[in-house]
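For reference, the chains in residue letters:
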Amino acid sequence: MSAIRLGAWGLGRIGFTHVTHFAAQTGMYEVVAGCDVEEPKVAKLVADYGCAGYTAADELLADPNVELVIIATRSLTHVANALQALAAGKCVLLEKPIAMCDREIEQLRQADRDYPGRLFFLHNHRFEPAMQQIFGIARSGLLGDLIQV
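Cut-offs and rules
Residues numbered from 1 in each chain as written. Predicted model: local features only at pLDDT ≥ 70, side-chain atom pairs only at ≥ 80, totals over all residues. Heavy atoms only, no water. Patch = residues over 30% accessible without salt bridge, like charges linked within 9 Å, V, L, I, M, F, W, Y side chains within 5 Å. Areas by Shrake-Rupley, 256 points an atom, 1.4 Å probe, with all protein chains shown as cover. Salt bridge = Lys/Arg side-chain N within 4 Å of Asp/Glu carboxyl O. Helix = DSSP H or I, 4+ residues; strand = E, 2+ residues; numbered from the N terminus. Buried < 20%, exposed > 50% of the residue type's maximum accessible area, 1.4 Å probe, protein only. Expected span 1.5 Å × (residues − 1). Arc of directions from axis to C-beta. Contact = heavy atoms within 4.5 Å. Phe/Tyr/Trp six-rings, centres within 6.5 Å; stacked < 30°, edge-to-face > 60°. Pairing = 2+ DSSP bridges. Right-handed = clockwise from strand over helix to strand, strands pointing away. Core = buried A, V, L, I, M, F, W, Y, C linked by side-chain atoms within 4.5 Å.

## A closer look at a nonpolar patch on the surface
Residues Ile137, Leu142, Leu143 and Leu146 make up a contiguous nonpolar surface patch of about 390 Å² in total accessible area. With respect to the helices and strands, Ile137 occurs in helix 6 (residues 129-140). Here Ile137 falls in the partly exposed class, since its relative accessible area comes to 33%.

What follows is the structure in structure tokens.
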């Protein structure tokens, strides 16, 4: 099985963290491109990973080497960016929050129907031991009825 060739769209703190973790899984993933509006962030990615770098999303999405796009842009643009990447023929891993309102959730549901097996979501801390302990405490009822966290 060949490695999944990924491109990161958004190279801020979480975007670069994703790149680092995925790149460490050699044989499974290969970082082939990244995109950010800030040139220094793109330059760092290119220097660190020897991959293509873009400041324009259209160029990232046109790159035939990119199979999977990790969306780590500003939260308010997640859905629009995911839909753009899906329309460009890419698989998408969408960072949290996956949407900002019910309308965007519906857009993602429709996208999942339109592009079956191509849209995935990421909550990077969900299975960490500390989060599992928090979930256990919440489920135990010790804190009473939780309304919002």
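## Looking at helix 5 (residues 102-114)
A rise of 1.5 Å per residue sets the reference length of helix 5, with its 13 residues, at 18 Å; its end C-alpha atoms lie 18 Å apart and thus fit the reference within 8%. Among the residues making up helix 5, those that are buried are Glu104, Leu108 and Ala111. Down the axis of helix 5, the buried side of the element spans an arc of 60 degrees, and every buried residue falls inside it. Exposed residues on helix 5 whose side chains face more than 90 degrees from its buried face are Asp102, Arg103 and Arg113. Along its buried surface, helix 5 packs onto helix 4 (78-87), strand 5 (91-95) and strand 6 (119-122).

## Describing the packing of aromatic side chains
Two numbers describe a pair of aromatic rings. These are the distance of the centres and the angle of the planes. Summed over all chains, the structure comprises two aromatic pairs. Each ring, one from Phe16 and one from Tyr49, has its centre 6.3 Å from the other, and the planes form 50 degrees; the classification is tilted. Residue Phe16 is located in helix 1 (residues 13-23), and its partner Tyr49 is located in helix 2 (residues 39-49); the two are separated by 33 residues in the primary sequence. With 4.7 Å between their ring centres and 90 degrees between their planes, Phe22 and Tyr29 make a pair best called edge-to-face. The exposure class of Phe22 is buried, given its relative accessible area of 11%.

## Topic: the pairing of strand 1 (residues 4-9)
Here strand 1 pairs with strand 2 (residues 29-35) via six bridges, running parallel. Pairing of Gly7 across the sheet is with Ala33, part of strand 2. Note that the unit made of strand 1, helix 1 and strand 2 has a crossover that is right-handed. Pairing geometry for strand 1 and strand 4 (residues 68-71), over four bridges, is parallel.

## A look at helix 4
Those residues of helix 4 that sit buried are His78, Val79, Asn81, Ala82, Ala85 and Leu86. When helix 4 is viewed along its axis, its buried side chains cluster within an angular range of 165 degrees and face the same direction. Looking at the buried positions of helix 4, the neighbouring elements they touch are strand 1, helix 3 (57-62), strand 4, strand 5, helix 5 and strand 6. Positive backbone phi, approximately 90 degrees, marks Gly89, located one or two places after helix 4.

## Structural notes on the pairing of strand 2
Of all seven residues in strand 2, six are buried, a share of seventy percent or more. In terms of strand pairing, strand 2 meets strand 3 (residues 52-54) through three bridges, oriented parallel. Counted as the bridge partner of Ala33 is Ala52 from strand 3. Handedness of the crossover is the feature at issue here: the chain leaves strand 2, passes through helix 2, returns alongside strand 3, and the resulting connection is right-handed.

## A word on the nonpolar core
Core analysis: the largest hydrophobic core is formed by 21 residues, its most contacted members being Trp9, Leu60, Val69, Ile71 and Val92. Listed by contribution, the elements that provide at least two residues to this core are strand 2, helix 3, strand 4, helix 4, strand 5 and helix 5. Looking at which element gives the most residues to this core, the answer is helix 4, with four residues. Residues in contact with Val92, not counting those within four places in the same chain, are Leu68, Val69, Ile71, Ala82, Ala85, Leu86, Arg118, Leu119 and Phe120.

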